[in-house]
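Architecture and fold: a report
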Amino acid sequence: MESRIKQLRENRGLIQEILATELGITQQMLSKYERDITLIKVDILKKIAEYFNVTTDYLLEISDVKRDLQGQMKMNKALDKYFDLIEIYKGFDPYDQEMIWSIMQTVKKSHEQRKKDEKVTKES
């Protein structure tokens, strides 16, 4: 069975290195968590749950319910805010959706690199 962490990461189009950086762990450690080689630390489990807006029980496969009431309310706020964008995206054919997704991933990588560069500059 595939790890829920891996499923969530791939659904967001993230590579391990990016998610690991966001969580403050190494890519190797994330890989071990995804493959159930190492027990996940509680603080990291909480960070992952918060990052993906899911419950820890969902990540641990104790429950199939992704979000508690608070998480669902957070999701509803986001959907309300971006509903028009979602509706426009849904109207595109699969080719255009893939192109838009690609553009968004490129912009996201550029944004993350800028954040990383700013962090290095501040530490210098």
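Refer to the preceding data block for the structure.
Let us look at the structure shown here. (Residues numbered from 1 in each chain as written. Predicted model: local features only at pLDDT ≥ 70, side-chain atom pairs only at ≥ 80, totals over all residues. Heavy atoms only, no water.)

Pairs may arise between side chains of opposite charge once their charged atoms sit close together. For the structure shown, the criterion picks out five salt bridges. One salt bridge in this structure joins Glu34 and Arg9, with 2.6 Å as the shortest N-O distance. Here the residue Glu34 occupies a position in helix α3 (residues 27–34), and Arg9 occupies one in helix α1 (residues 4–11), the gap between them amounting to 25 residues. Among the residues examined, Arg9 registers a relative accessible area of 7% and is labelled buried. The partner of Glu87 in a salt bridge is Lys90, with the nearest N and O atoms 3.1 Å apart. Of the two residues, Glu87 and Lys90 both sit in helix α6 (residues 69–90), three residues apart, roughly one turn of that helix. Glu87 sits in the partly exposed class, given a relative accessible area of 35%. (Salt bridge = Lys/Arg side-chain N within 4 Å of Asp/Glu carboxyl O. Helix = DSSP H or I, 4+ residues; strand = E, 2+ residues; numbered from the N terminus. Buried < 20%, exposed > 50% of the residue type's maximum accessible area, 1.4 Å probe, protein only.)

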